[in-house]
Amino acid sequence: MESIPTGHLNLCGHIHPGVRLLGKARQTVRIPCFHLSKSRLILPAFGNFTGLALVKPKDGDTIWGITPEKIIHILSGTSIG
């Protein structure tokens, strides 16, 4: 849904968003994430067998990564990379 009435939020699942984090020594890790884009919030998958669709955030998007211990605010307002 591209057109959402003001004051409403479209909650989506099944896409299983994920984000790849890069370390200084070229190490990478892929983790599930919440992806907020305008008035759409895509929920992560919490199972180990679902796979991840890596998110390509746009300006204004917000990303929260999920680890077994906590939820981490990763991005707010601008694109990764």
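Procedures and definitions
Residues numbered from 1 in each chain as written. Predicted model: local features only at pLDDT ≥ 70, side-chain atom pairs only at ≥ 80, totals over all residues. Heavy atoms only, no water. Helix = DSSP H or I, 4+ residues; strand = E, 2+ residues; numbered from the N terminus. Buried < 20%, exposed > 50% of the residue type's maximum accessible area, 1.4 Å probe, protein only. Areas by Shrake-Rupley, 256 points an atom, 1.4 Å probe, with all protein chains shown as cover. Lys, Arg positive; Asp, Glu negative; His and termini not counted. Charge placed at Lys NZ, Arg CZ, Asp CG, Glu CD. Polar contact = N/O pair within 3.5 Å; in protein donor to acceptor, adjacent residues only side chain to side chain. pLDDT = per-residue confidence, 0-100. Pairing = 2+ DSSP bridges.

**Observations concerning the overall build of the protein chain**
- Within the protein chain one finds zero helices and seven strands.
- Secondary structure elements of the protein chain occur, N-terminal to C-terminal, as β-β-β-β-β-β-β.
- The dimensions of the protein chain, computed from C-alpha atoms along their principal axes, are 45 × 30 × 20 Å.
- Counting over 81 residues, the protein chain shows a buried share of 30%.
- With the model as given, the accessible surface of the protein chain reaches about 6000 Å², and the carbon-plus-sulfur share is 57%.
- Positive and negative side-chain charges in the protein chain, numbering 9 and 4 respectively, have mean positions lying 8 Å apart.

**Regarding the side chain of D61**
- Relative to the helices and strands, D61 is located in the loop between strand 5 (53-54) and strand 6 (62-66).
- Among the polar contacts made by the side chain of D61, one reaches the side chain of H35 at a distance of 2.9 Å.
- Engagement of the side chain of D61 in a polar contact is seen with the backbone nitrogen of K58, the distance being 2.9 Å.

**Structural notes on the confidence of the model for the protein chain**
- Averaged over every residue, the pLDDT of the protein chain is 84; residues scoring 70 or more account for 90%.
- Averaged pLDDT values over the elements of the protein chain bottom out at 86 in strand 1 (residues 10-12) and peak at 93 in strand 6.

**Regarding the environment of G60**
- Within the secondary structure layout, G60 lies in the loop between strand 5 and strand 6.
- When the C-alpha positions of G60 and F46 are compared, they lie 25 Å apart, and in sequence the two are 14 residues distant.

**With respect to the pairing of strand 2 (residues 17-22)**
- As paired strands, strand 2 and strand 5 are joined by two bridges and run parallel to one another. Paired with G18 across the two strands is L54, which belongs to strand 5.
- The loop that links strand 2 with its antiparallel partner strand 3 (residues 28-37) comprises five residues; one of these, R26, has a positive phi angle of about 70°.

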